[in-house]
Amino acid sequence: MHPLHLSILKTKDTINILRHLTFFRVWNLLVLRLSYLLSKVLKKDKHKGLPFSLSIEPTTACNLGCPECPSGLKQFTRPTGKLDLLLHQKMISELKRSVFYINYYFQGEPFLHPQFLELIKEAKKNRIYTATSTNAHFIDAEKAREIVNSGLDRLIISIDGLTQKTYENYRINGQLEKVIQGTEFLIEAKKQAKSSTPHLIFQFLAVKPNEHEIDEVFVLGKKMGIDEVRIKSAQLYDYKNGNPLMPENEKYSRYKLQADGTYKLKYKTGNHCWRMWSSSVLTWDGKVVPCCFDKDAKHVLGSLESESFAKLWRSREYSSFRQAVISGRNQIDICQNCSEGAKVWV
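Residues numbered from 1 in each chain as written. Predicted model: local features only at pLDDT ≥ 70, side-chain atom pairs only at ≥ 80, totals over all residues. Heavy atoms only, no water.

## Focus: the side chain of Gln235
Link 1 in the chain: Position of Gln235 among the secondary structure elements: in the loop between strand 6 (228-233) and strand 7 (255-257).
Link 2 in the chain: Of note is the side chain of Gln235, whose polar atom sits 2.8 Å from the side chain of Lys295. (Helix = DSSP H or I, 4+ residues; strand = E, 2+ residues; numbered from the N terminus. Polar contact = N/O pair within 3.5 Å; in protein donor to acceptor, adjacent residues only side chain to side chain.)

## Some remarks on the packing of helix 3 (residues 85-95) against helix 4 (residues 116-125)
Between two packed helices, the angle of one axis relative to the other and the distance separating the axes together describe the packing.
Link 1 in the chain: Two elements in contact, helix 3 and helix 4, have axes separated by 11 Å at closest approach and are oriented at 25 degrees. In terms of orientation, helix 3 and helix 4 fall into the roughly parallel class. Here the hand of the crossing between helix 3 and helix 4 comes out right-handed. Where helix 3 approaches helix 4, its residues Leu85, His88, Gln89 and Ile92 are matched on the opposing element by Glu118, Leu119, Glu122 and Ala123.
Link 2 in the chain: The class makeup of the residues in the contact of helix 3 with helix 4 is four nonpolar, two polar and two charged. (Axes fitted to C-alpha atoms, helices over the stretch in contact; angles between N-to-C directions. Parallel < 35°, antiparallel > 145°, perpendicular 65-115°, else oblique. Left-handed = near helix turned anticlockwise from the far one by under 90°. Contact = heavy atoms within 4.5 Å. Nonpolar A, V, L, I, M, F, W, Y, C, P; charged D, E, K, R; others polar.)

## Observations concerning the pairing of strand 9 (residues 279-282)
Link 1 in the chain: The two faces of strand 9 match: Ser279 and Val281 on one face and Ser280 and Leu282 on the other face are all buried.
Link 2 in the chain: Bridge analysis of strand 9 against strand 10 (residues 288-289) gives two bridges, and the strand direction is antiparallel. The residue bridging Leu282 from the neighbouring strand is Val288, located in strand 10.
Link 3 in the chain: Where strand 9 folds back onto strand 10 in an antiparallel hairpin, the turn is made up of five residues, including Gly286, whose phi is positive at roughly 90 degrees. (Buried < 20%, exposed > 50% of the residue type's maximum accessible area, 1.4 Å probe, protein only. Pairing = 2+ DSSP bridges.)

## A look at the sheet that holds strand 10
Link 1 in the chain: Pairing in this open sheet of eight strands is mixed, and the strands run 6-5-4-3-2-1-9-10 from one edge to the other. Whereas interior strands pair on both sides, the edge strands pair on one side only; in this sheet they are strand 6 and strand 10.
Link 2 in the chain: Sheet analysis places strand 4 (residues 154-158) next to strand 5 (residues 199-206), joined by five bridges and oriented parallel. Among the inter-strand pairings, Ile157 is bridged to a residue of strand 5, identified as Phe202.

## Let's talk about a positive patch on the surface
Link 1 in the chain: A cluster of like positive charges, contributed by Lys44, Lys46, Lys48 and Arg314, occupies part of the molecular surface.
Link 2 in the chain: Tracing the sequence through the fold places Lys48 in the loop between helix 2 (23-42) and strand 1 (53-56).
Link 3 in the chain: Residue classification places Lys48 among the exposed residues on the basis of a relative accessible area of 57%. (Patch = residues over 30% accessible without salt bridge, like charges linked within 9 Å, V, L, I, M, F, W, Y side chains within 5 Å. Areas by Shrake-Rupley, 256 points an atom, 1.4 Å probe, with all protein chains shown as cover. Salt bridge = Lys/Arg side-chain N within 4 Å of Asp/Glu carboxyl O. Lys, Arg positive; Asp, Glu negative; His and termini not counted. Charge placed at Lys NZ, Arg CZ, Asp CG, Glu CD.)

## Concerning the packing of aromatic side chains
Link 1 in the chain: Summed over all chains, the structure comprises ten aromatic pairs.
Link 2 in the chain: Positioned above the aromatic ring of Phe76, the side-chain terminus of Arg78 is 4.7 Å from the ring centre.
Link 3 in the chain: Across the ring face of Phe24, the terminal group of Arg97 is positioned such that the distance to the ring centre comes to 3.6 Å. (Phe/Tyr/Trp six-rings, centres within 6.5 Å; stacked < 30°, edge-to-face > 60°. Lys NZ or Arg CZ within 6 Å of the ring centre and 35° of its normal.)

The analysis is restricted to geometry; functional conclusions fall outside its scope.
What follows is the structure, given as structure tokens:
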């Protein structure tokens, strides 16, 4: 696939996102941005508007055992479960005016939710761009057709290796053959339906055991007809003294070697975070947490089972968390390994 063609496909996906804008959503986005910039200048939480994007968690269950994933390692202190359709309807009804982008992924494998595509259809009825991420182990020919027909706009397929040996080094208990086959079913389903969606992305998590295959994943994506290939750097919990998963090529790592032989996060964070003004994360059981780095929901800011989102968004608890970010972001545990801006996207 020619680079120009890939660029056109990415542009089409961007245009598709913009199609979901309304006058109010644009106005809300401007208000959010202005209040965020004002807060940065004044070093004080000044917040207006509602989020334009959400991450909604369909389930915490996962079939794999990836070594840097608390879901895969079954290390959550919070319960495992799946999002109730009525609770999801409440989420959508309260936020559909401002939100035009929902990532149906937080932790877990979305397609383990037996009614996952009903969530997508509900969002699409309300003119919301939908995306998700999958390990592609549950996509057969019929499921691929259902995915295309659901209106899902973007589907990230985690591949992370081009041989079974490399793949299973990180995707423990996974089968590369299922990933390839599921992708083929999706490409064929799109062709049969003459559909440009979902925008299919191969996401390759760069770690030491697979970094030698990075060039090859672009070749495979082109050969199969994937819309986009992304290389993503890995978040490592134990990185100070090095980690067996850390890539040798620093370009693909979130961490930088220092003179004393230890490693540090190479991205400057600063006392600000656009995510805290623009988006929110909703767990399968209706809890509201500040961002996707709070994987075990340690910083719960409220629950939609008892309060409206608007009330929680403007609550003292949410404001206090934003203020903590402005005052000393690096003092917050979930911010200390943050990779905002750390995706490689070559």
